[in-house]
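# Summary of the model geometry
Below are the chains, spelled out letter by letter.
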Amino acid sequence: MLSKTPSKQSSGERSSMFLKLAALGTLLFLHIPLWLIFIYSFTTDESAYTFPPPGLTLKWIPQAIANPAMQDALFLTLRVAFLATAAALILGTLAASAVYRYDFFGKESISFMLVLPLALPGIVTGIAMRSAISLMKIPFSFWTIVIGHATFCVVVVYNNVLARFRRTAGSQVEASMDLGANSFQTFWHIVLPNIGTALLAGAILAFSLSFDEVIVTTFTAGNQQTLPIWIFSQMLKPRNRPITNVTAMLVVLLTALPILFAQQLTAHSSDSDK
Amino acid sequence: MSDNTAIEFRDVSRVFSVKHENQSGEVRAVDNVSLQIKDGEFFSLLGPSGSGKTTSLRMIAGFDRPTSGQILLYGQNVSSLPPYARDVNTVFQDYALFPHMTVGENVAYGLMIKKVARAEREKRMDEMLDLVQLPGFAGRKPLQLSGGQRQRVALARALINHPKVLLLDEPLGALDLKLRQQMQVELKSIQQRVGITFIFVTHDQEEALTMSDRIAVFNQGKIEQVGTPAEIYEHPQTPFVAGFVGVSNLVTGPVAKRITNSDRTFSIRPEKIHLAASSAEIDGDMYAADGRVRDVIYLGLYTRYLVELDGGGDLVVVEQNLKTTSMDVMKVKSQNVRLFWKKEHARYVGG
């Protein structure tokens, strides 16, 4: 980001130096804890955080990966994230199409209510989901976690797709129908290619959101432990600290890389649209 | 109902309900319009924005449906058919090319949807690109083309299905003047070659006069007049047509009475009026009016004079600079003059 900023003329030199330092400081403040986790993933220390690490080792990585509790948590989390994302893709696209194409009573309110779960503190969504689910006498289970996650995953897909719709000329859809394509063919040949990257970016973001969600999960889960919750519970057991660190590092890699990829996708397609 | 009618409007209305600051009302975008467009015609819907011409076109295409009345395509009532079930294609104002497809895929889209075999598809796509003079452009993307080239691709794409009627929604609006004039000639020649009925929406009266076999002049959802360019220009039937198509002087009330001995409103085209010295003798088959030249605008090819009539009101007069120079015409400014024109050139319009 810094390197892309065009350098100012001499008058702005001093302030830009200050800005650079401030930016660097902020980045370090945000990233040093992350790097520490990475470093402690390789420490020979069993249970304490000493710095610098007394020695480095790779032995925790296979141990962490082979840990059955960690595996269960990881697979549960992946299944939840996949299903929540799939639900979000379908519902988000449908909602965005409706809001974009039609004028109907209460359209603004519906649009606002859709976005609300992402803006609301997770704790509120969590409490609300929990009371609603108990009220309806639905047992807390894998599926209630999926539903809880879907509420905020829908928002990301909805926002991405709606933004793309607004950048796509509406006359393209009319042109396709005019040339003999019915609604389904038009969606397949014209709409989908137009919103494809928006869907992918939305899906990746939704997946990442779901993957490391703790608060809503705590309220909507039965006795299931998703990976973030498992990690949290492990923090109380000093013995397993290196394994927890390794798992945390894997989570960082699993969520950060797709988000970077999603950013690339949307940035790239917005360039080519112009 | 003769079989050489391509499109017929039978009492077609399109009413939009509007809500604005707690006031709800309705807009009659197209108001009880009846119209017949003949097979093979180049027909223009001419009018200012909001006059109902584009809504009429969209109803023929199927993007919009009449609130009441019927639209017939070669005798078949298509009023409620979806766009893809009508043998009609459209060239859009913003071209509406598909940016993720190549020029060739854009042009062949209609055939691809109809599941025409690939070889046949490519053959016809090449023919179409030849027709619009873009041979060899099949592999490019629409974003790599100029406005005029996109225009041609849109035309090729709309013609490839051999529609019964081609609709053009202000297709030349975004082009610069030189290119527009060139495309006008070309569109006309393409229309004659393919022999398809063209329905052309425009707000540019000059464009409509240049290209059309017949013109319908729209105003506030109604048709004011339908006729050939010459009829519309020479015999405007309403004050609106006289004012909208070309420049016209409308003379009303007492001023009209002083000139023609009748208070009926008439229109007179600026180029039909002659300027003479204030003492000039005028023949009996002419109308005459005296006035003072208030302004002279020299425009190279011709000069425009603004003459204030003695009885009130202004007349615009245009004379070609056949023998005069800019120095000559300027001398007339502030002079008293006599204007005259053939009686038959004064057109009584409406009311």
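Cut-offs applied
- Residues numbered from 1 in each chain as written.
- Chains lettered and ligands numbered in written order.
- Predicted model: local features only at pLDDT ≥ 70, side-chain atom pairs only at ≥ 80, totals over all residues.
- Heavy atoms only, no water.
- Helix = DSSP H or I, 4+ residues; strand = E, 2+ residues; numbered from the N terminus.
- Buried < 20%, exposed > 50% of the residue type's maximum accessible area, 1.4 Å probe, protein only.
- Contact = heavy atoms within 4.5 Å.
- Lys, Arg positive; Asp, Glu negative; His and termini not counted.
- Charge placed at Lys NZ, Arg CZ, Asp CG, Glu CD.
- Pairing = 2+ DSSP bridges.
- Axes fitted to C-alpha atoms, helices over the stretch in contact; angles between N-to-C directions.
- Buried area = accessible area lost by both parts, 1.4 Å probe.
- Salt bridge = Lys/Arg side-chain N within 4 Å of Asp/Glu carboxyl O.
- Polar contact = N/O pair within 3.5 Å; in protein donor to acceptor, adjacent residues only side chain to side chain.
- Nonpolar A, V, L, I, M, F, W, Y, C, P; charged D, E, K, R; others polar.
- Phe/Tyr/Trp six-rings, centres within 6.5 Å; stacked < 30°, edge-to-face > 60°.
- Lys NZ or Arg CZ within 6 Å of the ring centre and 35° of its normal.

This part takes up the overall build of chain A. For chain A, the helix and strand inventory stands at 11 helices and zero strands. The secondary structure elements of chain A, listed N-terminal to C-terminal, are α-α-α-α-α-α-α-α-α-α-α. For chain A, with 274 residues in total, the buried portion stands at 38%. Here the contacts in chain A between residues at least 6 apart in sequence split such that 73% fall between residues at least 24 apart.

On to the overall build of chain B. When its secondary structure is counted, chain B shows 11 helices and 18 strands. Overall size of chain B, expressed as C-alpha extent along the three principal axes, is 80 × 45 × 45 Å. The buried share among the 351 residues of chain B stands at 49%. When contacts within chain B are restricted to residue pairs at least 6 apart in sequence, those whose partners lie at least 24 apart make up 66%. In chain B, the 42 positive side-chain charges and the 41 negative ones have mean positions that sit 4 Å from each other.

We now examine the sheet that holds strand S10 (residues 222–227) of chain B. Residue and element names in this part refer to chain B. Reading across from one edge, S6-S7-S8-S3-S9-S10 is the order of the six strands in this open sheet, with mixed pairing throughout. Where the open sheet ends on each side, the last strands, each with one partner, are strand S6 (88–91) and S10. Ignoring strand direction, the axes of neighbouring strands in this sheet form an average angle of 20 degrees. Sitting on the sheet, helix H5 (residues 147–159) touches S6, strand S7 (165–169) and strand S8 (197–202), and the angle it makes with S6 is about 175 degrees. Each of strand S3 (42–46), S7 and S8 touches helix H6 (residues 177–194); the most contacted strand, S8, lies at about 155 degrees to it.

This part is about the pairing of strand S9 (residues 214–219) of chain B. Residues and elements named next belong to chain B. The buried fraction of S9 is high, at six of six residues. Both faces of S9 are covered, namely the face carrying Arg214, Ala216 and Phe218 and the face carrying Ile215, Val217 and Asn219. Examined bridge by bridge, S3 and S9 share four bridges and lie parallel to one another. What sits directly across from leucine 46, in S9, is valine 217. By the bridge criterion, five bridges tie S9 to S10 in an arrangement that is antiparallel. Among the inter-strand pairings, isoleucine 215 is bridged to a residue of S10, identified as glycine 227.

It is worth spelling out the interface of chain A and chain B at this point. At the junction of the two partners, chain A supplies 21 residues and chain B supplies 25 residues. Roughly 1,800 Å² of surface becomes buried between chain A and chain B when both sides are summed, with 60% attributable to carbon and sulfur atoms. Contact with chain B buries surface across chain A, with Glu174, Asp178 and Leu179 of chain A losing the most and accounting together for 38% of the total. Here chain A and chain B share one salt bridge between them. Here arginine 58 of chain B ties to glutamate 174 of chain A by a salt bridge, and the two come within 2.7 Å at their closest N and O atoms. Counting the contacts that link chain A with chain B gives seven residue pairs in polar contact (both at pLDDT 80 or more). Of the residues assigned to the side of chain A that touches chain B, the class counts are seven nonpolar, 11 polar and three charged.

It is worth spelling out the environment of threonine 90 of chain B at this point. Residue position: threonine 90 of chain B is located in strand S6. Threonine 90 of chain B gets classed as buried once you look at its relative accessible area, which sits at 7%. Each C-alpha atom of the pair threonine 90 of chain B and aspartate 39 of chain B lies 17 Å from the other, and the pair is 51 residues apart in sequence. Excluding residues that lie within four positions of it along the chain, threonine 90 of chain B makes contacts with Asp178 of chain A together with Ala61, Phe63, Ala158 and Leu167 of chain B.

Once that is clear, we can look at the packing of aromatic side chains. For the structure on display, the rule yields 12 aromatic pairs over all chains. Relative to phenylalanine 211 of chain A, the ring of phenylalanine 207 of chain A has its centre 6.2 Å away and its plane inclined at 25 degrees; by these criteria the two rings are stacked. Within this pair, phenylalanine 207 of chain A and its partner phenylalanine 211 of chain A are both found in helix H8 (residues 183–211), separated by four residues, close to a single helical turn. You'll find phenylalanine 207 of chain A and phenylalanine 211 of chain A in the same group, each marked buried. Each member of the aromatic cluster is reached from another via a ring pair, and the members are Phe82, Phe207 and Phe211 of chain A. Lying across the ring of phenylalanine 16 of chain B, arginine 14 of chain B places its NZ or CZ 4.1 Å from the centre. Positioned above the aromatic ring of phenylalanine 98 of chain B, the side-chain terminus of arginine 157 of chain B is 4.6 Å from the ring centre.

Residues and elements named next belong to chain B. Pairing is antiparallel in the open sheet, where five strands are placed in the order S13-S17-S14-S15-S16. Edge strands, defined here as strands with exactly one partner in the open sheet, are strand S13 (274–277) and strand S16 (314–320). Sheet twist, expressed as the average angle between the axes of neighbouring strands with direction ignored, equals 45 degrees. In this fold helix H10 (residues 253–260) packs onto strand S14 (286–298), strand S15 (302–309) and strand S17 (336–342), with an angle of close to 120 degrees to the strand it touches most, S14.

Geometry only, nothing functional implied.
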